[in-house]
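Per-entry structural report
Chain by chain, the residues:
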Amino acid sequence: MTRTVHCIKLDKDADGLDFAPWPGELGQRIYHQVSKEAWGQWLAHQTMLINEMRLSPLDPKTRSFLAAEMEKYFFGGDVAQPAGYVPPEA
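Now for a quick tour of the structure. (Residues numbered from 1 in each chain as written. Predicted model: local features only at pLDDT ≥ 70, side-chain atom pairs only at ≥ 80, totals over all residues. Heavy atoms only, no water.)

Taken as a whole, this structure holds five aromatic pairs when the rule is applied. Aromatic ring contacts, followed pair by pair, group Trp39, Trp42, Tyr73, Phe74 and Phe75 into a single cluster. Lying across the ring of Tyr31, Arg3 places its NZ or CZ 3.8 Å from the centre. In this structure, Arg29 is placed above the aromatic ring of Phe75, and the distance from its NZ or CZ to the ring centre is 3.8 Å. (Phe/Tyr/Trp six-rings, centres within 6.5 Å; stacked < 30°, edge-to-face > 60°. Lys NZ or Arg CZ within 6 Å of the ring centre and 35° of its normal.)

Dropping the structure here:
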């Protein structure tokens, strides 16, 4: 049975995550307020940040940076973009 959440990112009811994807309070907020679809979009954005900014996920500073970016991505704030990034035209 799938969970339904009102996704804070997409502003619609959608399938919720199966488990908290991040430890602590941030992970719980994401579990309760973010859909699988929005989480997939974050994973794509996170991959772009890691690749373009040449980040190492093993570095504690990178993990802190990604946690802060994740919170901004879902709950408001200016999300970091790689230097020279141009968003695709819709």
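There is more to say after this.
A word on unusual backbone geometry. Non-glycine residue Asp11 carries a positive phi angle of around 55 degrees. Here Asp11 is to be found in the loop between β1 (4–7) and β2 (12–15). With relative accessibility at 58%, the residue Asp11 sits in the exposed group. Backbone geometry at Arg54 places phi at a positive 55 degrees, although glycine is not the residue there. Its place among the elements puts Arg54 in the loop between α2 (36–52) and α3 (60–75). (Helix = DSSP H or I, 4+ residues; strand = E, 2+ residues; numbered from the N terminus. Buried < 20%, exposed > 50% of the residue type's maximum accessible area, 1.4 Å probe, protein only.)

In this structure, Ile30, Val34, Trp39, Trp42, Met70 and Phe74 are the most contacted members of the largest nonpolar core, which totals 13 residues. Every element with two or more residues in this core is listed here: α1 (24–33), α2 and α3. Here this core gets four residues from one element, more than from any other, and that element is α3. Among residues more than four places away in sequence, those in contact with Phe74 are Ile8, Lys9, Ile30, Val34, Ala38, Trp39 and Trp42. (Core = buried A, V, L, I, M, F, W, Y, C linked by side-chain atoms within 4.5 Å. Contact = heavy atoms within 4.5 Å.)

Turning to the packing of α1 against α3, a few remarks are in order. In contact at an axis separation of 11 Å, α1 and α3 are set at 30 degrees when each is read in the N-to-C sense. In terms of orientation, α1 lies roughly parallel with respect to α3. The two elements α1 and α3 meet at a crossing, and its hand is left-handed. Residues Leu26, Arg29, Ile30 and Gln33 of α1 form the contact with α3, whose own contacting residues are Ala67, Met70, Glu71, Phe74 and Phe75. (Axes fitted to C-alpha atoms, helices over the stretch in contact; angles between N-to-C directions. Parallel < 35°, antiparallel > 145°, perpendicular 65-115°, else oblique. Left-handed = near helix turned anticlockwise from the far one by under 90°.)

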